[in-house]
Amino acid sequence: KQEVTQIPAALSVPEGENLVLNCSFTDSAIYNLQWFRQDPGKGLTSLLLIQSSQREQTSGRLNASLDKSSGRSTLYIAASQPGDSATYLCAVAGANNLFFGTGTRLTVIP
Amino acid sequence: SAVISQKPSRDICQRGTSLTIQCQVDSQVTMMFWYRQQPGQSLTLIATANQGSEATYESGFVIDKFPISRPNLTFSTLTVSNMSPEDSSIYLCSVEGVITEAFFGQGTRLTVV
């Protein structure tokens, strides 16, 4: 069964810093990988979707990479802002459903 | 993209009662998914709901506890039955997302007292 791990579990950085969140998965047979943002007690907001044939995707200050063979993805956030504070989840798509990581809780300190 | 409206956004319920959560999508979709997120945990898939057929439940979830309706291609409900404090979680509906991008509702934060 696919297992998805996110490190670190929590991260606190000063405003303006660049940061990297990590996601690893055990089974490289995936359709895609998606990064989400979740605010406390709320639903998930899709940030980036990387298809299995792609290496990276960019949206604004966010850049996500995918190395399927090694089972890794990173989410790079440039020039962090207090509004970026949230939990970030990665999810990999298998044949029938998504497998979620446990998330990284990010706090950006003004 | 799909816009999903989920309600209620939160509720506090007495143990032994039931709560029905509604999920409305702004476009027709084939597959809808219901997830549970227990405090401090990641998301766990409860079931997949396809229009015109019974929902498919994941291991550990049963229809008597979590009955699901899918009357058309834009709407679904999840009922949490005979609730206990252990059912306190965030419940989320989602559309698409196995091959394509997944979209989620705002979530329902349930507290059972």
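Residues numbered from 1 in each chain as written. Chains lettered and ligands numbered in written order. Predicted model: local features only at pLDDT ≥ 70, side-chain atom pairs only at ≥ 80, totals over all residues. Heavy atoms only, no water.

K.L.:
Is there a simple way to explain the overall build of chain A in this structure?
P.N.:
Tallying secondary structure elements over chain A gives zero helices and eleven strands in all. Counting helices and strands in the order they occur from the N terminus, chain A gives β-β-β-β-β-β-β-β-β-β-β. Across its three principal directions, the C-alpha atoms of chain A cover 40 × 25 × 20 Å. Counting over 110 residues, chain A shows a buried share of 45%. Across chain A, contacts joining residues at least 24 apart in sequence account for 53% of those joining residues at least 6 apart. Taken as a whole, chain A presents about 5200 Å² of accessible surface, with 48% of it coming from carbon and sulfur. The centroid of the 8 positive side-chain charges in chain A is displaced by 5 Å from the centroid of its 8 negative side-chain charges. (Helix = DSSP H or I, 4+ residues; strand = E, 2+ residues; numbered from the N terminus. Buried < 20%, exposed > 50% of the residue type's maximum accessible area, 1.4 Å probe, protein only. Contact = heavy atoms within 4.5 Å. Areas by Shrake-Rupley, 256 points an atom, 1.4 Å probe, with all protein chains shown as cover. Lys, Arg positive; Asp, Glu negative; His and termini not counted. Charge placed at Lys NZ, Arg CZ, Asp CG, Glu CD.)

K.L.:
Hey, could you run me through the overall build of chain B in this one?
P.N.:
Check the secondary structure of chain B and you find zero helices and eleven strands. Across chain B, helices and strands are ordered from the amino to the carboxyl terminus as β-β-β-β-β-β-β-β-β-β-β. By residue count, 50% of the 113 residues in chain B fall in the buried class. A separation of at least 24 residues holds for 52% of the contacts in chain B among residues at least 6 apart in sequence. Of the roughly 5400 Å² that chain B leaves accessible, carbon and sulfur atoms contribute 48%. Of the charged side chains in chain B, 7 are positive and 9 negative, and the gap between their average positions amounts to 9 Å.

K.L.:
Would you mind going over the sheet that holds strand 3 (residues 19-25) of chain B with me for this structure?
P.N.:
Within a sheet, neighbouring strands are paired by backbone hydrogen bonds and run either parallel or antiparallel to one another. All names here are of chain B. With antiparallel pairing, four strands are arranged side by side in an open sheet as 1-3-8-7. Each edge of the open sheet carries a strand with a single partner, namely strand 1 (4-7) and strand 7 (68-72). Between one strand and the next, the sheet's axes are offset by a mean angle of 15°, whatever the strand orientation. (Pairing = 2+ DSSP bridges. Axes fitted to C-alpha atoms, helices over the stretch in contact; angles between N-to-C directions.)

K.L.:
Quick question: what am I supposed to make of the pairing of strand 7 (residues 62-67) of chain A here?
P.N.:
Moving residue by residue along a regular strand, the side chains alternate between the two faces of the sheet. All names here are of chain A. Burial along strand 7 is one-sided: the residues L62, A64 and L66 are buried and none of N63, S65 and D67 is. Relative to strand 7, strand 6 (residues 56-59) runs antiparallel, the two sharing four bridges. Paired with Q57 across the two strands is A64, which belongs to strand 7. With antiparallel pairing between neighbouring strands as the criterion, strand 6 and strand 7 make up a hairpin whose turn holds two residues, including G60 at a positive phi of roughly 60°. Connecting strand 7 to the antiparallel partner strand 8 (residues 72-77) that follows it, the hairpin turn spans four residues, and G71 within it adopts a positive phi of roughly 70°.

K.L.:
Just checking my understanding: could you explain the pattern of salt bridges for this structure?
P.N.:
Two side chains of opposite charge can pair, provided their charged atoms sit close to one another. Evaluated as defined, the whole model comprises three salt bridges over all chains. Residue D84(A) pairs with R61(A) through a salt bridge whose shortest N-O separation is 2.8 Å. Here the residue D84(A) occupies a position in the loop between strand 8 and strand 9 (86-93), and R61(A) occupies one in the loop between strand 6 and strand 7, the gap between them amounting to 23 residues. For D84(A), a relative accessible area of 8% translates into the label buried. In this structure, the salt-bridge partner of K65(B) is D87(B), at a minimum N-O distance of 2.6 Å. (Salt bridge = Lys/Arg side-chain N within 4 Å of Asp/Glu carboxyl O.)

K.L.:
Could you clarify how one ought to interpret the state of the cysteines in this entry?
P.N.:
Here, disulfide denotes a covalent bond that connects the sulfur atoms of two cysteines. Within the structure shown, the criterion is met by two disulfides over all chains. In this model, C23(A) is linked to C90(A) through a disulfide, with the two sulfur atoms separated by 2.0 Å. Judged by the sign of its S-S torsion, about 75°, the bond between C23(A) and C90(A) is right-handed. Of this pair, C23(A) sits in strand 3 (residues 19-25) while C90(A) is found in strand 9, placing the two residues 67 residues apart along the sequence. In terms of burial, C23(A) and C90(A) fall into one category: buried. One disulfide in the model links C23(B) with C93(B); its S-S distance is 1.9 Å. (Disulfide = S-S within 2.5 Å.)

K.L.:
For this particular structure, what's the right way to read unusual backbone geometry?
P.N.:
Most peptide bonds adopt trans geometry, and most residues besides glycine take a negative phi value. Residue P8(A) is reached from I7(A) by a cis peptide bond, and omega for that bond is 0°. With respect to the secondary-structure elements, P8(A) resides in the loop between strand 1 (4-7) and strand 2 (10-14). The amide bond that connects K7(B) to the next residue, P8(B), takes the cis arrangement and shows omega of 5°. Tracing the backbone shows P8(B) in the loop between strand 1 and strand 2 (10-13). Non-glycine residue N82(B) carries a positive phi angle of around 45°. Tracing the backbone shows N82(B) in the loop between strand 8 (75-80) and strand 9 (89-95).

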